[in-house]
Amino acid sequence: PLLAKYNIKAKITADDIQLSNGSKLIVLGANHIHKVETFRGLKLRFCIIDECASFNQKILNYLIDEIMIQRLSDLQGRLMLIGTPAAHCSGLFYDVTNNMEEGWGLVNWTVFDNPYMTKQALSDVELYMRRKQCERQNPKLRREYDGEWAADDDELLVRVPTLTVPPTNYNIELWRSVIGVDFGFNDETAFSVIAWE
């Protein structure tokens with residue numbers, strides 16, 4: 001629809017859009033290291049990596065340092081990292097957007113900077129605050145609407161537990177315990193509890 005609206009002549013395939021002036025827009029996923037390896041044959045003038053805070057950090061670092069920098073070198077191309085801040089407040093995108101990583105320029109804005117979205121965004125924020133019984137400084141609102149990094153314990157994979165001492169006939173003061181967790185990716189998550197006196 002966008003091409004038709006502006007009368008842009010282009011050929012569309014599964015992974016790219018070839019424009020009549022010879023330019024090509026390539027859209028690729030980078031969710032696995034083996035997929036990233038297939039980008040080695042590209043020669044790019046501009047690369048945008050979207051939603052960088054959601055990337056596996058090992059893949060993101062590899063994608064940038066081992067793959068994209070070389071793909072942009074020949075044409076002196078530009079690399080842009082974009083996305084919404086995440087609850088974990090860590091990783092390369094966090095470092096870049098907080099001026100802890102040299103060599104990057106920084107531009108940021110909020111949803112409210114878009115004049116076409118301001119009214120709807122304000123309405124959405126009010127609705128969220130009513131539904132969740134929260135204040136405007138809620139970490140999720142700060143991330144999604146203000147573009148700010150805001151840690152959120154409720155979104156962490158492992159939360160600080162609430163402990164209740166069970167009634168017991170045993171003296172457990174001299175006991176020590178460890179909880180081991182193997183978070184499943186394609187399989188089940190396993191929990192092991194080991195205790196010793």
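Data block above holds the structure.
As the structure is a computational prediction, the values presented were derived from the model and not from experiment.

J.: Break down a negative patch on the surface for me, citing the residues and quoting the values.
T.: A cluster of acidic residues, Asp65, Glu66, Glu101 and Glu102, forms a negative patch on the protein surface. Tracing the backbone shows Glu66 in helix α3 (residues 57-73).

J.: Which residues make up helix α6 (residues 139-146), and what values do they have?
T.: Of all the residues in α6, the buried ones are Pro139, Leu141, Arg143, Tyr145 and Asp146. Where α6 is buried, its residues contact α5 (118-132). Trailing α6 by a residue or two, Gly147 shows a phi angle of about 65 degrees, which is positive.

J.: How would you sum up the pattern of salt bridges? Please name residues and give values.
T.: A complete count under the given rule lists five salt bridges for this structure. Here Asp74 ties to Lys43 by a salt bridge, and the two come within 3.1 Å at their closest N and O atoms. Remark: Lys43 occurs in the loop between α2 (33-37) and β4 (46-49) and Asp74 occurs in the loop between α3 and β5 (78-81); sequence separation between them is 31 residues. Ionic pairing is found between Asp146 and Arg136, a salt bridge with its closest N-O pair at 2.9 Å. Of this pair, Asp146 sits in helix α6 while Arg136 sits in the loop between α5 and α6, and the two are ten residues apart along the sequence. Arg136 sits in the partly exposed class, given a relative accessible area of 27%.

J.: Provide a residue-level description of the packing of aromatic side chains, including the pertinent values.
T.: In total, this model carries three aromatic pairs according to the counting rule given. Connected via pairs of aromatic rings, a cluster forms that spans Phe93, Tyr94 and Trp149.

J.: So, the sheet that holds strand β3 (residues 24-26): which residues are in play, and what are the values?
T.: Read across the open sheet, the three strands follow the order β1-β2-β3; overall the sheet is antiparallel. The open sheet has two edge strands with one neighbour each: β1 (10-12) and β3. Put simply, the sheet's adjacent strands are angled 10 degrees from each other on average, direction ignored. Relative to β3, strand β2 (residues 16-19) runs antiparallel, the two being bridged by three bridges. Looking across to β3, one finds that Gln18 is bridged to Lys24.

J.: If you had to explain the nonpolar core to someone new, which residues and values would you point to?
T.: Core analysis: the largest hydrophobic core is formed by 23 residues, its most contacted members being Ile49, Leu63 and Leu81. Going through the elements one at a time, β4, α3, β5 and α4 (92-97) are the ones with two or more residues in this core. If one sorts the elements of this core by residue count, α3 sits on top with seven residues. Counting residues in each nonpolar core, the second largest holds seven residues, with Ala121, Val125, Tyr128 and Cys134 among its members.

J.: Explain the side chain of Asp146 to me, using residue names and the numbers behind them.
T.: Given the relative accessible area of 15%, Asp146 is considered buried. Setting aside anything within four residues of it in sequence, one finds Asp146 in contact with Trp109, Thr110, Phe112, Arg136 and Leu141.

J.: So what's going on with the pairing of β4? Residues and values would help.
T.: Side chains of β4 alternate between two faces, with Cys47 and Ile49 buried and Phe46 and Ile48 left unburied. For β4 and β5, the ladder comprises four bridges, and the chain directions are parallel. Its bridge partner being in β5, Ile48 is matched across the sheet by Met80. In this view, the connection linking β4 to its parallel neighbour β5 by way of α3 has right-handed handedness.

Each value, and the rule that gives it
- Residues numbered from 1 in each chain as written.
- Predicted model: local features only at pLDDT ≥ 70, side-chain atom pairs only at ≥ 80, totals over all residues.
- Heavy atoms only, no water.
- Patch = residues over 30% accessible without salt bridge, like charges linked within 9 Å, V, L, I, M, F, W, Y side chains within 5 Å.
- Areas by Shrake-Rupley, 256 points an atom, 1.4 Å probe, with all protein chains shown as cover.
- Salt bridge = Lys/Arg side-chain N within 4 Å of Asp/Glu carboxyl O.
- Lys, Arg positive; Asp, Glu negative; His and termini not counted.
- Charge placed at Lys NZ, Arg CZ, Asp CG, Glu CD.
- Helix = DSSP H or I, 4+ residues; strand = E, 2+ residues; numbered from the N terminus.
- Buried < 20%, exposed > 50% of the residue type's maximum accessible area, 1.4 Å probe, protein only.
- Contact = heavy atoms within 4.5 Å.
- Phe/Tyr/Trp six-rings, centres within 6.5 Å; stacked < 30°, edge-to-face > 60°.
- Pairing = 2+ DSSP bridges.
- Axes fitted to C-alpha atoms, helices over the stretch in contact; angles between N-to-C directions.
- Core = buried A, V, L, I, M, F, W, Y, C linked by side-chain atoms within 4.5 Å.
- Right-handed = clockwise from strand over helix to strand, strands pointing away.

By themselves, these figures tell us nothing about what the structure is for.
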